[in-house]
Amino acid sequence: MRKYMVAGNWKMNKSLAEGIQLAKEVDAAVEAAGKLLCEVVIAPAFLHLSEVSKAVGAKVSVSAQNCAAEASGAYTGEVSAAMLQSAGIPYVIIGHSERRTYYGETDAILAKKAELALANGLKPIFCIGEELSQRDSGKYLDVVKGQIENGLFRFSADEFSKIVIAYEPVWAIGTGRTATSEQAQEVHAFIRKTVADKYGSAVADNVTILYGGSCNENNAKELFARPDIDGGLIGGASLVADKFIRIVTAF
Ligand code: PGA
């Protein structure tokens, strides 16, 4: 059976002390919640990864928010997949829409990042999703399909099985305008079918597909109840431990 996951993307928020505090609060709440049906992941800034890792126990995993598209060398300011691996970081978010939009990260660049992440034993959380104009023009399924094909279909079935997909409609990120659970389910089912057509139904049944975009403690339950929604990638609501835990326990 596929894995469920709730991952908190802290983006460029929190001082080191605040990040450690939030991680400890999340960890304590996860411990207190008992047996959970989903894996819990938090993604602080690069600088805070090691300290935040030390602040959580075995039930909370840590993820980077990005990695370099090159293996090593003269790339000032970059952090490689190998560096993350050597610091014991298991996950890396790749292709968040903010990276695509503000930093010009194309499908080709993101495919290289995913390749390096996998080569270094990291598990990518690979983000896809259409912009508002693409949804309004009715082309959103084509957009999502293109992002998957160009970013991920170079991998073998074995490599692909290590990837978590996050569907995040850009118009829903940080806007308070969540996709309805019908809208999200439609795209999630389409993603799973796209994966099945390429890798077969066993791989498709096993791939974890998260929803992201104004997912919060009030709407998580309805979203996660849908058959193809396997959890969430949470931005704003992951910055407050109590809200985040209510999303985690929405399963
Ligand atoms: P949001 O962000 O929950 O604040 O909309 C989601 C994301 O960007 O991953």
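### Considering the pairing of strand 7 (residues 209–212)
- In strand 7, alternate side chains face the same way, and those of Ile209 and Tyr211 on one face and Leu210 and Gly212 on the other are all buried.
- Strand direction decides the pairing type here: strand 6 (residues 164–167) and strand 7, joined by 3 bridges, are parallel. Looking at strand 7, one finds that Ala166 is bridged to Leu210.
- Taken together, the 2 bridges between strand 7 and strand 8 (residues 231–234) define a ladder with parallel strand orientation. In the strand pairing of strand 8, Gly212 is matched with Leu233.

### Side note on the packing of aromatic side chains
- Counted by the stated rule, this structure contains 6 aromatic pairs.
- Measuring from ring centre to ring centre gives 5.0 Å for Tyr4 and Phe251, while their planes differ by 15 degrees; the resulting arrangement is stacked. Residue Tyr4 is located in strand 1 (residues 4–9), and its partner Phe251 is located in the segment after helix 12 (241–248); the two are separated by 247 residues in the primary sequence.
- Phe251 sits in the partly exposed class, given a relative accessible area of 24%.
- Grouped by ring-pair contacts, the aromatic residues Tyr4, Phe224 and Phe251 constitute a single cluster.
- Sitting over the face of the ring of Tyr140, Arg135 holds its NZ or CZ atom 3.7 Å from the ring centroid.
- Over the aromatic face of Tyr199 sits the side chain of Lys198, whose NZ or CZ is 5.8 Å from the ring centroid.

### Let's talk about the site of the ligand
- Close contacts around the ligand come from 13 residues, with Lys11, His96, Glu168, Gly174 and Ser214 the closest.
- At 2.6 Å from an oxygen atom of the ligand is found a side-chain nitrogen or oxygen belonging to Glu168.
- A distance of 2.6 Å separates an oxygen atom of the ligand from a polar atom in the backbone of Gly174.
- About the coverage of the ligand: the protein hides 94% of its 280 Å² of free accessible area.
- Of the residues that constitute the shell around the ligand, the class distribution is 4 nonpolar, 7 polar and 2 charged.

### Brief notes about the packing of helix 1 (residues 16–33) against helix 12
- Between helix 1 and helix 12, whose axes approach to 9 Å, the crossing angle comes to 35 degrees. Two packed elements cross with a definite hand, and for helix 1 against helix 12 that hand is right-handed. Judged by residue contacts, Leu22, Glu25, Val26, Ala29 and Val30 of helix 1 engage Ala241, Phe244 and Ile245 from helix 12.
- Of the residues in the contact of helix 1 with helix 12, the class split is 7 nonpolar, no polar and 1 charged.

### Considerations on the environment of Pro169
- Here Pro169 shows up in the loop between strand 6 and helix 9 (181–199).
- Placed 73 residues apart in sequence, Pro169 and Asp242 show a C-alpha to C-alpha distance of 25 Å.
- Filtering out sequence-adjacent residues up to four positions away, Pro169 remains in contact with Gly129, Glu130, Ala179, Tyr211 and Gly212.

Rules behind the numbers
Residues numbered from 1 in each chain as written. Predicted model: local features only at pLDDT ≥ 70, side-chain atom pairs only at ≥ 80, totals over all residues. Heavy atoms only, no water. Buried < 20%, exposed > 50% of the residue type's maximum accessible area, 1.4 Å probe, protein only. Helix = DSSP H or I, 4+ residues; strand = E, 2+ residues; numbered from the N terminus. Pairing = 2+ DSSP bridges. Phe/Tyr/Trp six-rings, centres within 6.5 Å; stacked < 30°, edge-to-face > 60°. Lys NZ or Arg CZ within 6 Å of the ring centre and 35° of its normal. Near = heavy atom within 4 Å. Polar contact = N/O pair within 3.5 Å; in protein donor to acceptor, adjacent residues only side chain to side chain. Areas by Shrake-Rupley, 256 points an atom, 1.4 Å probe, with all protein chains shown as cover. Nonpolar A, V, L, I, M, F, W, Y, C, P; charged D, E, K, R; others polar. Axes fitted to C-alpha atoms, helices over the stretch in contact; angles between N-to-C directions. Left-handed = near helix turned anticlockwise from the far one by under 90°. Contact = heavy atoms within 4.5 Å.

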